[in-house]
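# Fold and contact review
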Amino acid sequence: MTLTGTWANEYGSLMSLSVSGDKITGVYKSSTGSTGEYVVSGWQTDAEPTEGAGQVVCLAIDWHSVEGDQQDASWNWVSALGGQLSIIQGEENLILNHLMVASSDFKGVANTGVYIDKLAYHRVETASENPVGKQLNKAKTADPLTGRWDAADGTTLLVSVIPDSEARFGYISGTLTIANNEMTISGFTDINASSDGLQFQSVSIVAKDSNKNITRALGGWIELTTSELSLQMLSNHITTVDTIYTQTDIRSLQFKKLTQN
């Protein structure tokens, strides 16, 4: 069993996902705040969910619409989500904790901040809607996020950023290392934050930790005036249905840039 298919949540938003190995790609159609189609990247663990144990998942979303909709403040935002796919009374339930990174004020929707929500999805289609393919510029960009970042606890990020073909947002690649355990990362960042006059550049990073059989989702921002990277990290664990409230723990990380790539 994989996450391939279309999923709906309680707000009526739709998420169409494709899975290749353990890598997830897709598009998200939102019905809250603003409307549009948004790119998704993520990871799932190998073990299929059962009545006794879930399958852990992490997702990153960039909220710059890829469908040419009317621009608004949320186009600078990203999200990081983590949780698991569980079988509850014979039904698939995708329950994700959500970090919405609002890097600018959006009147009537949200002020600048990182917001936490819990979202429940159910499958509405077993096939994907052929999500938007990754379209990249060939060259890496000299983005403020590019380089090596170190946290006080020894956690390290090595990040490269490549703009999409229309320079709407940046695709993240590189590695996350925790306690000498190196993981491949993907995700998104707002490459237009500085030119849009913002103080914060939003960042969403996801990774699969094969050694511990968990996934990690990190959301936050770079404060452009100080070059400090602040991220909240969701670590997502396999649990039983009875202990699903322990599926995700959260930790705050502050990074300093060590080198430029």
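Reference entry: report on the structure contained in this document. One numbering rule holds for all chains: residues counted from 1, following each sequence as written. The predicted origin of the model limits local features to residues at a pLDDT of at least 70 and limits the giving and counting of side-chain atom pairs to 80 or more, whereas totals for whole chains, interfaces and linings rest on all residues. Side-chain measures here rest on the full set of heavy atoms in the structure, leaving out hydrogens and waters.

### Notes on the pattern of salt bridges
Under the convention used in this document: When a carboxyl oxygen of Asp or Glu lies within 4 Å of a side-chain nitrogen of Lys or Arg, that pair is called a salt bridge. Starting at the N terminus, helices and strands are each numbered in turn, a helix being any DSSP run of H or I of at least four residues and a strand any DSSP run of E of at least two. Categorising residues by exposure relies on relative accessible area from a 1.4 Å probe, with only protein chains included: less than 20% of the type maximum marks a residue as buried, more than 50% marks it as exposed, and the intermediate range marks it as partly exposed.
In this structure the tally under the stated criterion is 10 salt bridges. The residue Asp46 makes a salt bridge to Lys208 at a minimum N-O spacing of 3.1 Å. Here Asp46, found in the loop between β4 (36-44) and β5 (55-62), pairs with Lys208, found in strand β13 (residues 200-209); they are 162 residues apart in sequence, far enough to count as distant. With relative accessibility at 58%, the residue Asp46 sits in the exposed group. For Lys208, a relative accessible area of 9% corresponds to the buried category. Among the salt bridges present, the one from Arg148 reaches Asp150, with a minimum N-O distance of 3.0 Å. By relative accessible area, Arg148 is classed as partly exposed at 32%. Counted as one network, the salt bridges with shared partners bring together Asp22, Asp46 and Lys208.

### Brief notes about the pairing of strand β9 (residues 147-151)
Definition in use: Any two strands between which DSSP finds at least two bridges are classified as paired.
Sheet analysis places β9 next to strand β10 (residues 156-163), joined by 4 bridges and oriented antiparallel. The partner of Arg148 across the bridge, within β10, is Leu158. Where β9 folds back onto β10 in an antiparallel hairpin, the turn is made up of 4 residues, including Gly154, whose phi is positive at roughly 95 degrees.

### Things to note about the sheet that holds strand β1 (residues 5-9)
Short version of the rule: Only the stretch in contact is used when fitting a helix axis, every axis being a line fitted to C-alpha atoms; angles between N-to-C directions are given from 0 to 180 degrees.
An order of β1-β2-β3-β4-β5-β6-β7-β8 is seen for the 8 strands of this closed barrel, with the pairing classed as antiparallel. If you compare each strand with its neighbour and ignore which way they point, the axes differ by 30 degrees on average. When strand β6 (residues 78-88) meets strand β7 (residues 91-102), the two strands line up antiparallel, connected through 11 bridges. Each residue of the ladder has a partner; that of Val78, found in β7, is Val101.

### Here's the deal with the nonpolar core
To be explicit about the condition: In this text, buried Ala, Val, Leu, Ile, Met, Phe, Trp, Tyr and Cys residues form a nonpolar core when linked through side-chain atoms within 4.5 Å. Contacts between residues were defined by any pair of non-hydrogen atoms, one from each residue, lying within 4.5 Å.
Core analysis: the biggest nonpolar cluster contains 23 residues, and Leu3, Trp7, Met15, Tyr28, Leu59, Leu94 and Tyr121 have the highest contact counts within it. Sort the elements by how many residues they give to this core and β7 lands first, with 4 residues. Beyond its immediate chain neighbours, meaning those up to four positions away, Met15 contacts Gly5, Thr6, Trp7, Val27, Tyr28, Leu59, Leu94 and Tyr121. Among the nonpolar cores identified, the runner-up in size contains 21 residues, and Ala151, Leu176, Ala207 and Leu253 belong to it.

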